[in-house]
Amino acid sequence: MKKTAIAMSLMFMTTGAMAAGEMQHATDETVSAAHAGADTAKEKLQQTENRTQEAMTEAQSDGSATDKLKLDGQKAWNSTKEGSQKAWDATKEGTEKAVNSTKEGSQKAWSATKEGTTKAVNSTKEGSQKLWDKTKEGTTKAVNSTKEGSQKVWDKTKEGTANAVSSTKEGSQKAWDATKEGTAKAVSSTKEGSQKAWDATKETTTQALDSTKTGAENVTSSVTE
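Residues numbered from 1 in each chain as written. Predicted model: local features only at pLDDT ≥ 70, side-chain atom pairs only at ≥ 80, totals over all residues. Heavy atoms only, no water.

Draft legend 1. Molecular detail of the overall build of the protein chain. The secondary structure content of the protein chain amounts to 2 helices and 0 strands. Taking all 225 residues of the protein chain together, 9% fall into the buried category. For the protein chain, contacts bridging at least 24 residues in sequence account for 88% of all contacts bridging at least 6. Looking at the protein chain as shown, the accessible area adds up to about 17500 Å², and 57% of this sits on carbon and sulfur atoms. (Helix = DSSP H or I, 4+ residues; strand = E, 2+ residues; numbered from the N terminus. Buried < 20%, exposed > 50% of the residue type's maximum accessible area, 1.4 Å probe, protein only. Contact = heavy atoms within 4.5 Å. Areas by Shrake-Rupley, 256 points an atom, 1.4 Å probe, with all protein chains shown as cover.)

Right, dumping it as structure tokens:
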């Protein structure tokens with residue numbers, strides 16, 4: 001969007017510059033035309049002056065000139081010169097007015113173009129800023145939503161893991177308790193059986209000893225008699 005704004009700004013500025021260039025070109029052409037007209041008037045004035053001067057010189061050289069002729073020639077020359085000067089002054093004044101009017105119009109047109117370009121650039125910048133703000137806001141909301149969802153998933157995972165660990169520990173404890181209980185019973189049973197077997201062995205041994213002892217006494221008595 002920012003690239004589009006820059007492109008539009010350049011387009012407006014280029015258009016304004018082209019318009020100003022066209023107006024300047026028109027001003028230059030007007031001035032050139034006025035100068036050309038003025039140069040033509042000066043050239044004609046010079047030609048008239050030259051012809052009058054030649055006529056007066058010829059009249060003086062052949063002796064046919066009179067004071068009246070010279071006076072009339074001088075008056076004609078002065079009148080022509082005065083008329084040419086007035087025409088030249090009028091031409092200059094008209095040229096200056098035309099140039100000033102053209103420059104003023106060009107300046108107003110350029111100012112209007114700059115103003116329009118500035119407004120267009122500002123409007124484009126404002127639109128770009130609003131779009132960027134909306135993009136940032138949407139991105140922030142999406143990030144926050146993702147973080148919130150991830151946190152919930154992580155909390156559930158931790159909770160499930162804790163439950164599984166607790167269940168495993170509880171099961172292990174029960175199994176260990178059952179093993180200990182079974183082992184204790186087996187040991188007690190073994191001890192009890194061993195005691196009974198030992199008691200039976202002692203009783204049998206005692207009986208055997210008593211029987212042997214009695215038999216020996218009987219044998220001894222028989223031998224003595």
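Draft legend 2. Looking closely at the pattern of salt bridges. Within this structure, the stated rule accounts for 9 salt bridges. Among the salt bridges present, the one from K174 reaches E170, with a minimum N-O distance of 3.6 Å. One end of the pair, K174, and the other, E170, are both in helix α2 (residues 67-224), 4 residues apart, so they sit about a helical turn from each other. A residue is classified by how much of its surface remains accessible, and K174, at 54% relative accessible area, is exposed. The shortest N-O distance in the salt bridge between E181 and K185 comes to 3.4 Å. (Salt bridge = Lys/Arg side-chain N within 4 Å of Asp/Glu carboxyl O.)

Draft legend 3. Structural detail: the confidence of the model for the protein chain. Summarising the model, the protein chain shows a mean pLDDT of 75, and 63% of its residues fall at 70 or more. Per-residue pLDDT stays below 50 along residues 1-10; that stretch engages in 7 contacts with residues further than four places along the chain or on separate chains. Below pLDDT 50 for its whole length, residues 15-20 participates in 4 contacts with residues either more than four positions away or in separate chains. (pLDDT = per-residue confidence, 0-100.)

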